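# Close look at the chain arrangement
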Amino acid sequence: MYNIIPLFPTLVYHTNIKTNVNELIDYCYEQKRKDDVGSTYEQRSGVNSYQSNYLPIIEPLQPVRDKVDEILSEVCTRKIYHDANWININPTGSRNVQHTHPGAEYSAVYYLKNESKTGIVFVNPLAHSSHYITTYTNPKLVSDTRAAPQFRIEPSQGDLLLFPSYLPHWVEENKGTEDRISISWNINMITDSMQKKLLL
């Protein structure tokens, strides 16, 4: 007889918020139209996709930010702040390569369209040092404890995923006929030194 103690879980928070979705979709396409007629934007993890520049506060996204605040108020012992947003539009044949979000504590992504059922795949952050352990473990144990090399989530419209920024992830190729659209941003905790600056 023995016990299994799953250590060091990586916590990913998931909820669904059906609010202002059509307004946000229109906003994303309008921003892309502006970029396509002369603006420059940095292509980061996307392949054959559109990722906007970092954007100021998107007002229709406020209910989603409020939900993030609610979740992290129960998780974090420090106050948090939201960094700038960016838009992701993945047309047919596009994808996002594996990446992390350095310089942040949490990352959020809010899904506006995903009719193609394209998945986001989170990669075990320890997989590089324990390939055989995570790959060749009894499948039932892997299923029970999620001790797998990677874990796929298929987001639906209105889904919010909130996860540690160190967690490697990538987006599958969009094999459907419609765009996959999401808005992402990073979140940081307010340190003591930052708090002092805010009070000045």
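Within each chain, residue numbers correspond to sequence positions counted from 1 in written order. Whole-chain, interface and lining totals are the exception, using all residues; otherwise, since this is a predicted model, local features are given only for residues with pLDDT of at least 70 and side-chain atom pairs are given and counted only at 80 or more. Here the side-chain values reflect all heavy atoms present in the structure, with hydrogen atoms and water set aside.

A few words now on the pattern of salt bridges. Put simply, a salt bridge is a Lys or Arg side-chain nitrogen that is within 4 Å of an Asp or Glu carboxyl oxygen. All chains considered together, the criterion is met by 7 salt bridges. A salt bridge links D36 to K32; the nearest nitrogen and oxygen atoms lie 2.7 Å apart. Here D36 and its partner K32 are both found in helix 1 (residues 21-36), 4 residues apart, which amounts to about one turn of the helix. Remark: exposure states derive from per-residue accessible area (1.4 Å probe, protein chains only) relative to the maximum for the residue type, with buried under 20%, exposed over 50%, and partly exposed in between. A relative accessible area of 44% places D36 in the partly exposed class. Between E172 and R152 there is a salt bridge whose closest N-O contact spans 2.7 Å. Residue E172 is found in the loop between strand 10 (169-171) and strand 11 (180-189), and its partner R152 is found in strand 8 (residues 150-153); the two are separated by 20 residues along the sequence. The class for R152 is partly exposed, based on a relative accessible area of 39%. Linked through salt bridges whose partners overlap, the residues forming this network are R152, E154 and E172. Helix and strand assignments come from DSSP, with helices taken as H or I runs of at least 4 residues and strands as E runs of at least 2, each series counted from the N terminus.

Pairing of aromatic side chains requires ring centres within 6.5 Å, counting the rings of Phe and Tyr and the six-membered ring of Trp. Pairs whose planes differ by under 30 degrees are stacked, by over 60 edge-to-face, and all others tilted. Summed over the entire model, instances satisfying the criterion amount to 2 aromatic pairs. Arranged with centres 5.7 Å apart and planes meeting at 90°, the rings of Y54 and W86 form a pair that is edge-to-face. With a gap of 32 residues between them, Y54 in the loop between strand 3 (50-51) and helix 2 (62-75) and W86 in strand 4 (residues 80-90) connect regions that are remote in the sequence. Assessed through its relative accessible area of 48%, Y54 is described here as partly exposed. On the numbers, 5.0 Å between centres and 65° between planes, the contact of F122 with F163 is edge-to-face. Here F122 is found in strand 7 (residues 120-123), whereas its partner F163 is found in strand 9 (residues 159-164), with 41 residues between them in sequence. Considered together, F122 and F163 belong to a single accessibility category, that of buried residues. Directly above the aromatic system of Y50 lies the positively charged group of K32, at a separation of 5.8 Å from the ring centroid. Whether a charge lies above a ring is judged from NZ of Lys or CZ of Arg, which has to be within 6 Å of the ring centre and within 35 degrees of the ring normal.

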